[in-house]
Amino acid sequence: MEQGALKQILILSGGFLGLLFLMNWGAQQSLLQHDAGKDGAETATNYFAGKTIEWIIPFKEGGGGDTWARFNAPFFQRHIPGNPILMINNIPGGGSIKGANLFAEKVKPDGIMILGTSGTTQMPYLLDDPRVRYNYENYKPIMAYPTGGVVYCSPSLGIQSAADIGKLMEVPLKYASQGPTSLDVVPMFSFDLLGLDVQAVFGFRGRGAGRLAFERGEVLIDYQTSSAYLKNVVPMVESGEAIPLFSFGALDENGALIRDPSFPDLPHFGEVYEQLGFQKEGIQWDTWFAFMAAGFGGMKLLLTPHETPDEIVEQFRIAITAMKQDPEYQEKKVKALGLYEQSIGLKAQKIFDLATKVGTAEKNYMKQWLRDTYDLNI
Amino acid sequence: MIDLVLQAFTTLFDPAHFGYLMLGVLLGLVIGVFPGLGGIAGLSLLLPFLYGMDEVSALATLVGLVAVIPTSATFTSILMGIPGSSSSQATVLDGFPLAKQGKASRALGAAFSSSLFGGLFGAIILTFFVQIARPMILLFGSAELFMLALFGLSMVGSLSGKSLTKGILACGFGILVGSIGAAPATGEFRMIFGINYLYDGLPLVVIALSIFAFPEISELFRKGSSISEGAELGKGGWLDGVKDLIKNKWLAIRCAGIGTIVGAIPGMGGSVVDWIAYGHVVQSSKDKSKFGKGDIRGVIAPESANNAKEGGALMPTLLFGIPGSGSMAVFLGGMVLIGIEAGPSMVTTDVDLTYTIIWSLAIANVLGAGLSLFLAGPISQLTRVKFSLLAPFMIMVISFAAFQATKDMTDLWMLLIFGVIGTFMKRFGWSRPAFLIGFVLATQAESYLNMSVQFYGWEMFIRPGVIIIMVLSLISIYFSRKGSVDENAELMEKESTQQLTIGPQLAFLLLILAFILVAIFDSNQQSFLGGIFPLAIAAAILPFGLYLAWVFIRGKKTHSAVFDAEQAVEEGTYKASWLEPMLWIGGLYVVSSLIGFIPAIVLFMVSFFTLKAKTNMLKTALLTAGGVGVLLLFGYFLNLEFPSGILLT
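Bear in mind that the values here come from a model prediction, so they are computed numbers and not experimental data.

Participant: It is not clear to me how the sheet that holds strand 5 (residues 149–153) of chain A should be interpreted in this structure. Could you clarify?
Facilitator: The pairing of strands in a sheet happens through backbone hydrogen bonds and is either parallel or antiparallel. Residue and element names in this part refer to chain A. Strand order in the open sheet formed by three strands is 8-5-9, with antiparallel pairing between adjacent strands. Of all the strands in the sheet, the pair left with one neighbour each is strand 8 (221–225) and strand 9 (243–247). On average, adjacent strands in this sheet sit at an angle of 30° to one another, irrespective of strand direction. The pairing of strand 5 with strand 9 spans four bridges and is antiparallel.

Participant: Just to check I follow, could you spell out the nonpolar core for this structure?
Facilitator: If you look at soluble globular proteins, the nonpolar side chains tend to sit buried side by side. Residue and element names in this part refer to chain B. Counting 327 residues, the largest nonpolar core has Leu209 and Ile398 as its most contacted members. In terms of residue count, helix 7 (residues 104–138) provides more of this core than any other element does, 16 residues in total. Not counting the four nearest positions on each side in its chain, isoleucine 398 is found in contact with Ile82, Leu209, Ala213, Phe214 and Leu415.

Participant: What exactly am I supposed to notice about the interface of chain B and chain A here?
Facilitator: Note on interface size: it is often stated as the accessible area lost on association of the parts. Contact residues are listed per partner, giving 51 residues for chain B and 40 residues for chain A. Residue assignment for the side of chain B that touches chain A shows that the elements contributing at least two residues are helix 3 (39–50), helix 16 (326–338), helix 20 (432–456), helix 27 (597–613) and helix 28 (617–637) of chain B. Here the side of chain B that touches chain A gets eight residues from one element, more than from any other, and that element is helix 27 of chain B. Each residue belonging to the side of chain B that touches chain A can be placed in one class, and the counts come to 29 nonpolar, 19 polar and three charged.

Participant: Honestly, the pairing of strand 7 (residues 198–201) of chain A in this entry has me stumped. Any pointers?
Facilitator: Residues in a regular strand point their side chains to alternate faces of the sheet. All names here are of chain A. Here strand 6 (residues 173–176) runs beside strand 7; their pairing, made up of four bridges, is parallel. Across the sheet, the residue bridging to leucine 173 is valine 198, located in strand 7. Of the crossover connections in this fold, the one passing from strand 6 over helix 6 (residues 185–193) to the parallel strand 7 is right-handed.

Participant: Help me understand the packing of helix 11 (residues 204–223) of chain B against helix 20 of chain B in this model?
Facilitator: A pair of packed helices can be characterised by two numbers: the angle between their axes and the separation between those axes. Residue and element names in this part refer to chain B. At their nearest, the axes of helix 11 and helix 20 sit 10 Å apart, and the two run at 175° to each other. Comparing the axis directions of helix 11 and helix 20 gives the class roughly antiparallel. Contacts between helix 11 and helix 20 involve Leu204, Ile207, Ala208, Ile211 and Phe212 on the former and, on the latter, Arg432, Phe435, Leu436, Phe439 and Val440.

What counts, and at which threshold
Residues numbered from 1 in each chain as written. Chains lettered and ligands numbered in written order. Predicted model: local features only at pLDDT ≥ 70, side-chain atom pairs only at ≥ 80, totals over all residues. Pairing = 2+ DSSP bridges. Helix = DSSP H or I, 4+ residues; strand = E, 2+ residues; numbered from the N terminus. Axes fitted to C-alpha atoms, helices over the stretch in contact; angles between N-to-C directions. Core = buried A, V, L, I, M, F, W, Y, C linked by C-beta atoms within 7 Å. Buried ≥ 20, exposed ≤ 12 C-beta atoms within 10 Å, placed from the backbone. Contact = placed C-beta atoms within 7 Å. Nonpolar A, V, L, I, M, F, W, Y, C, P; charged D, E, K, R; others polar. Right-handed = clockwise from strand over helix to strand, strands pointing away. Parallel < 35°, antiparallel > 145°, perpendicular 65-115°, else oblique.

So this is what it looks like as structure tokens:
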């Protein structure tokens, strides 16, 4: 190499790298100065001023988890004291495991990085998937949002409602599923408990694809989460192309199973289970309840590490309370997300506990069931 | 219906609505030019503004954005051989050779006018199709979708080159690479070799960039000339491209039709449309000798299909709430945020909204393609720039684009690994389109096969839809026997078989054979449903591989499968060894993983310009500052990340 060339490379690299370093340093200094400029009393209310909060969504753009975050984000940002920037960062992969793992690796207890998970994130955690490196025990909820789901079937099966479900016992049915360790565990386990002969066909990408298979007549039984059910299945019910059977129910303040407030006329799974002569007790029922709570009761959770100071979490709570009273939010929310309420505080904690703390017995029962039914090695 | 369409038109030409549409179009054009950035990046930029807009304006902005991304992605596909989006891969095949011949602006002219035409024609079809779209879409069950995947694979015949054996092997290799990751039927993980990154399979963007762009960059690097090889540029301006389209109007109509229909079928994905259109033009043309070497019809076909596809993809998105392509997922998300519900009501009570969307899409296509046509001439000058000045920017762009796939440093390593494989495929005359078609269709073929066997069993073969598509596939195979695209045909004739050493090709073949054996071994570790598909494919292509090995070992140098571009070109064509570009790019990634991408690209550019382009201090500084500056600017406005290093962050 010529000497001149080497000199040029060294000078320019040094110059540019120095410039980059200075820019980086300058940005950090201005942040620090911002923090230093506040006295103790101000810190609480102005904590987020000038900061950027990164909200990690471990799902692709456009899906249910993403829509939940993106719908809430602008209202949420508007009401956080100090007017920080709220930035959504989608890190999809491995059915949400990748993004949640990355969060676990990077997060600090300062509220600057928060994670939105869904039932899909809870399932592999509860089933001890070896890829999972996040631990819900290290987190606490900022906000929790439940949802529901409705099972419906084709009128060609000759039944009118869940009251006739006994007639389906001997009929071999197929169900379009995303996979054995997805949220589909809940409906598939439900079918099994009711004694229905349902074979799962895997490989569908999303519940939408499953609904399409129902409309094509490839499968005769299906379930959709509440908002998709309201938008796309209710019109079919009205035109006589689908028969609603039961909902998965909802949890009341005490964590008891009640009818889903979005579908008060539909029996919940527990009612149908009893109607068939089963008792709502024992390991089978407990397992069903635990996984239903994890999948639907705590469908969407917004999380921060356990050590995050309460003053910081309080800022978020203030924002969510204000957000829920925002008239624009109220006007648009039902259409975008459904009827359920974004919970905070104790209520959120309750949902969080139900959704992420499943007993060993129930866990093992579910794993054994998956092994027996789907030959799944977990 | 007429009055509804007219009503949609009055809404459209309302100045405010039109303004928002234009805003979306401009944004889409700017973002789409950068490979790897698509609707998602655009949406995140747009989102804060969507609130507070009224329904129709927000929708117009969104439609404008989504509509033109496949349009401006064409720039890099033709000018640099970098596939700008998943639906402009086939455009590279003839578009880039045209650019090399100095006909870049003619190719761009044909591409953009085809885009414009395709978009408009798609909208016309949709206007009539809307009312019957629901039942039509429902006709495509999993059995039909499986057959469609096979139909896509049948295009390999026309794209496999002189040696069908190698084409089939390349396609099978692509399918096996595509089956890395979770098995659709069981969720088991295949061939992941303990690498977390592979759980979700390899991203299409990374594979497309490494198979098409990487080998071209490395070849240009070695030749050291400009992209247009010394040829006069003005030979054929963009107007000639428009004339080419008019001459081939029936082809464009057929391809726009293909685009609309395939786009409307949910579950096929946008990335096969351009290949089906390309296969179609090859099969239906009498003179096939120019394809792959710069036939303008090879640009018109995929470009008129890929804009029509976006229109088609609107159907499942609007009527079923199921996005028909990646950008439609973004569109659907945007609709939810605005408060519009996709579903059956879009053909009943909200049908006026559907017409507004369809025709906004058409107008956006006209605006986007019109603006791009206007820019085609000036931007084509890029192909005259000395390659050593252009190379660092192209390497920066493909690295950045690959990193957008999963935002993992492994994206870059995979780009390098498959880039090397792609370079050898090009050198030894292995059909890269065949590989890519196999890769793209692997998952679809497998999951729909699994579903249709479980849903229909043998009865799937008596379904009318299946029979029709099967007949189409047979016709396609029949026509493909009449000639196949081979980018190396001219070199092959020059090749002197006497002094040819066969060793390098044999080594590459043994590598692929080894991979096939790994696939067989891995499949045997899986459950029956999890392993049967890759096992069957591997078992099917193994005999072809063994046969080829026998040909090579016996030293049958006159056999059509024997080819080595390295030994066929005239001496002195290459000014650097084949290893050099790989070392530069590999070096960039090693340094990136240590100190982060941005500092590494600074070092890379400074060294490259100084050593390879021999620019002086000032010019080097300006070029580096310009390149990195644009990257940082994009990063800042779109909230993008760059790979960070272990030592520095």
